Amino acid sequence: MNEFYPAGLPTPRPLVDPATRPYWDAAERGELVVPRCLSCERHFWYPRGFCPRCGGTEIEWPVASGRGTVYSFSVVRRAAEPWGSHTPFVLAHVMLEEGVTVQGNIIDCSAEDLAPDLQVHAVFERQETGDLPVLRFSPLRNEG
Ligand SMILES: [Zn+2]
């Protein structure tokens, strides 16, 4: 059995507020930014208007490499609609090079490639024209 996990999972429209606007503006450009607190100088995830460690509100939004490593994953085989008709799909925790762990879907990946420590990179997927780009991860393939 060699399953393949394609793009195209239904995703509810994300909520965009002024605090997360820098993230979404970057996503529109195809760039992943990971917020960083200017007080304690650490990255954090998920995007929000304050640091979850120290409460600081001075935040910068540096562009991340987008590269990370699968820390853990689960192949979802049963789900309620609208996801039920898209099983199996992969939900994973990815450790980014910036040191934060991001939950997301692994796409464009086959079951034989899926493993802990798989090297992945961020991709932004749009469901339909006009939709917000949604963060996913796909395997980082050695070219050549
Ligand atoms: Zn902080």
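Just so you know, these numbers come straight off a predicted model, no measurement behind them.

### Digging into the overall build of the protein chain
No. 1: Looking only at helices and strands, the protein chain has one helix and nine strands in total.
No. 2: Across the protein chain, helices and strands are ordered from the amino to the carboxyl terminus as β-α-β-β-β-β-β-β-β-β.
No. 3: The C-alpha atoms of the protein chain give a radius of gyration of 16 Å, which matches the 15 Å a tight globule of 144 residues would have.
No. 4: Its C-alpha atoms give the protein chain principal-axis dimensions of about 50 × 35 × 30 Å.
No. 5: Contacts in the protein chain between residues far apart in sequence, at least 24 positions, make up 54% of those at least 6 positions apart.
No. 6: Surface accessibility of the protein chain: about 8,200 Å² in total, with carbon and sulfur atoms responsible for 49%.

### Details of the packing of aromatic side chains
The way to describe two aromatic rings as a pair is by their centre distance and the angle between their planes.
No. 1: All chains considered together, the criterion is met by two aromatic pairs.
No. 2: Pairing Y23 with W24 gives two aromatic rings, centres 4.9 Å apart and planes at 85°, and the pair type is edge-to-face.
No. 3: Residue W24 is classed as buried on the basis of its relative accessible area, which comes to 10%.
No. 4: Relative to W45, the ring of Y23 lies with its centre 5.8 Å away and its plane at 75°, an arrangement referred to as edge-to-face.

### A closer look at the coordination of the zinc ion
No. 1: Listed as protein donors to the zinc ion are C37 (SG), C40 (SG), C51 (SG) and C54 (SG); their distances from the metal cover 2.3 to 2.4 Å.
No. 2: Considering all four donor atoms around the zinc ion, angles at the metal cover 101 to 124° and the coordination shape is tetrahedral.
No. 3: Spacing between the donor residues of the zinc ion along the chain follows C-x2-C-x10-C-x2-C. In this pair, C37 sits in strand β2 (residues 36-37) while C54 sits in the loop between β2 and β3 (59-60), placing the two residues 17 residues apart along the sequence.
No. 4: With a relative accessible area of 42%, C54 lands in the partly exposed category.

### Some points on the pairing of strand β6 (residues 101-106)
No. 1: Bridge count between strand β5 (residues 89-96) and β6: six bridges; the pairing is antiparallel. Bridge pairing in β6 places H93 opposite Q103.
No. 2: Taken together, β5 and the strand that follows it, β6, pair antiparallel across an intervening segment of four residues, in which G99 is found at a positive phi of about 95°.

### Details of the pattern of salt bridges
No. 1: By the definition in use, this model includes seven salt bridges.
No. 2: Among the ionic pairs, D25 bridges to R21, the shortest N-O distance being 3.7 Å. Taken together, the residues span about one helical turn, with D25 and R21 both in helix α1 (residues 21-28) at a distance of four residues.

### Some points on the environment of F44
No. 1: Here F44 is to be found in the loop between β2 and β3.
No. 2: With relative accessibility at 1%, the residue F44 sits in the buried group.
No. 3: In the structure, F44 is positioned 88 residues away from L132 in sequence and 22 Å away in space, judged by C-alpha atoms.

Cut-offs used in this document
Residues numbered from 1 in each chain as written. Predicted model: local features only at pLDDT ≥ 70, side-chain atom pairs only at ≥ 80, totals over all residues. Heavy atoms only, no water. Helix = DSSP H or I, 4+ residues; strand = E, 2+ residues; numbered from the N terminus. Rg over C-alpha atoms; globule rule 2.2 N^0.38 Å. Contact = heavy atoms within 4.5 Å. Areas by Shrake-Rupley, 256 points an atom, 1.4 Å probe, with all protein chains shown as cover. Phe/Tyr/Trp six-rings, centres within 6.5 Å; stacked < 30°, edge-to-face > 60°. Buried < 20%, exposed > 50% of the residue type's maximum accessible area, 1.4 Å probe, protein only. Donors = N, O, S within 2.8 Å, 3.2 Å for Na, K, Ca; no water. Tetrahedral: all angles 85-135°; square planar, octahedral: opposite > 155°, others 65-115°. Pairing = 2+ DSSP bridges. Salt bridge = Lys/Arg side-chain N within 4 Å of Asp/Glu carboxyl O.

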